[in-house]
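Residue-level structural notes
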Protein chains: 2
Amino acid sequence: MCGDPLLLKNQLCFPIYACAREIIKAYHEPLSKLDLTYTQYLVMMVLWEEREKSVRELGECLYLDSGTLTPLLKKLEAKGYIVRERCTEDERCVIVSLTTEGDALREKARAVPRCMAAKSPLTQEEAETLYKTLYKLLHVLHGES
Amino acid sequence: MCGDPLLLKNQLCFPIYACAREIIKAYHEPLSKLDLTYTQYLVMMVLWEEREKSVRELGECLYLDSGTLTPLLKKLEAKGYIVRERCTEDERCVIVSLTTEGDALREKARAVPRCMAAKSPLTQEEAETLYKTLYKLLHVLHGES
DNA sequence: TCAAATTAAATTGTGTACAATCAAATCACA
DNA sequence: TGTGATTTGATTGTACACAATTTAATTTGA
């Protein structure tokens, strides 16, 4: 056991980073049936909840900037799940909203969380603690920059 | 409070994904002084520990495949931190090893974990629990696929 | 022993991510 | 009211990630 902070095994950041990628890989299979990538699925989840959001609001919800969202939203529009239109009151904004198809996709998506829950080895308590700790970290890292 | 598993706030995967990205962003500043990206830093950490690894071994340590590692290693080689050479006993393998410069970089890198530790709001106990839970998740997600 | 299976990297193609910059629209206030 | 600052998306350039395929080298078994 060695306390050198430059060892990979002593890094907290590494398992977070590696877990995030493994989770995205695990989502690949259930999401491929919906023709969605993981990030596209996150955007759809926000819209299933609210139906209509500006690009800026989506970025705030998902901690993503327009450089990521703009091309991604164009792909979702090409698939027919959303539409993008300039807001008439403020022409700087683009409003993203669900199409009928995008809304209907929600029902097919209900299988996804079930599929993923089956892959997790965590107890309810472990999952809750993990959730709280991650949000604590997330708020601090994002808040003060 | 709503238990719908399709709500973003009820997802455990999302804070993991968002945290991972915020952490990489937070590393940007200290690592820019070493002319390294976060993933390049992970590779260097493995080599500072072992000095010599094949591409396959690096991939196993970091959960990365050759499609990611090959171009990244070429960049590290161009910077002069590593060399890549075919293994003579088994020509299928490429051995990656530190140059003198790459080894010397380790001393400059000691500031990085200090800088990052200062940004974390977690207690020692929270960090340890987080670490253990993430590795539990990581091993299961990576092991059975 | 030699062809089939396996292994290791590299390549190709798609899709994020984000820093930095730009351009257009709106706002603020002198 | 008009101009400088701000806000919002889009664009550009760089750097991962990974699935799928390819190529070359090694191993295995009939």
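Above this text is the structure in question.
What counts and how
Residues numbered from 1 in each chain as written. Chains lettered and ligands numbered in written order. Predicted model: local features only at pLDDT ≥ 70, side-chain atom pairs only at ≥ 80, totals over all residues. Heavy atoms only, no water. Pairing = 2+ DSSP bridges. Helix = DSSP H or I, 4+ residues; strand = E, 2+ residues; numbered from the N terminus. Axes fitted to C-alpha atoms, helices over the stretch in contact; angles between N-to-C directions. Contact = heavy atoms within 4.5 Å. Salt bridge = Lys/Arg side-chain N within 4 Å of Asp/Glu carboxyl O. Buried < 20%, exposed > 50% of the residue type's maximum accessible area, 1.4 Å probe, protein only. Near = heavy atom within 4 Å. Polar contact = N/O pair within 3.5 Å; in protein donor to acceptor, adjacent residues only side chain to side chain. Nonpolar A, V, L, I, M, F, W, Y, C, P; charged D, E, K, R; others polar.

**Looking at the sheet that holds strand β2 (residues 82–86) of chain A**
All names here are of chain A. Across the sheet, which stays open at both edges, the three strands sit in the order β1-β3-β2 with antiparallel pairing between neighbours. Each edge of the sheet is formed by a strand with only one pairing partner; in this case those strands are β1 (52–54) and β2. Each neighbouring strand pair of the sheet contributes to a mean axis angle of 25°, computed without reference to strand direction. Across the sheet, helix α3 (residues 55–62) lies against β1 and β3 (94–98), angled at about 90° from β1, the strand it touches most.

**As for the pattern of salt bridges**
Enumeration according to the criterion identifies 26 salt bridges over all chains in this entry. Note that A:K136 is salt-bridged to B:E126, the shortest N-O span being 2.8 Å. One end of the pair, A:K136, is in helix α7 (residues 124–143); the other, B:E126, is in helix α7 (residues 124–143), on a second chain. Exposure remark for A:K136: the relative accessible area of 32% places this residue in the partly exposed category. By relative accessible area, which is 24% here, B:E126 ends up partly exposed. Members of the salt-bridge network, linked through shared partners, are A:D4, B:R106, B:E107 and B:R110.

**Notes on the protein's contact with DNA strand C**
Taken together, 29 residues lie near DNA strand C, and A:T37, A:Q40, B:Y17, B:S66 and B:T70 sit nearest. At a separation of 3.4 Å, a phosphate oxygen of DNA strand C approaches a polar backbone atom of B:V55. Residue B:V94 places a main-chain N or O atom 3.4 Å away from a phosphate oxygen belonging to DNA strand C. Contributions of two or more residues to the surface near DNA strand C are made by α2 (38–50) and α4 (66–79) of chain A together with α1 (13–32), α3 (55–62), α4 (66–79) and β2 (82–86) of chain B. Of the residues assigned to the surface near DNA strand C, the class counts are seven nonpolar, nine polar and 13 charged.

**A few points about the protein's contact with DNA strand D**
Near DNA strand D lie 29 residues; those nearest to it are A:Y17, A:T70, A:R84, B:T37 and B:Q40. Sugar plus phosphate, as a fraction of atoms of DNA strand D within 4 Å of the protein: 81%. Contact between DNA strand D and A:S66: a base nitrogen at 2.9 Å from a side-chain N or O atom of the residue. Of all elements in the fold, only α1 (13–32), α3, α4 and β2 of chain A together with α2 (38–50) and α4 of chain B reach the threshold of two or more residues within the surface near DNA strand D. Grouping the constituent residues of the surface near DNA strand D by class yields seven nonpolar, nine polar and 13 charged.

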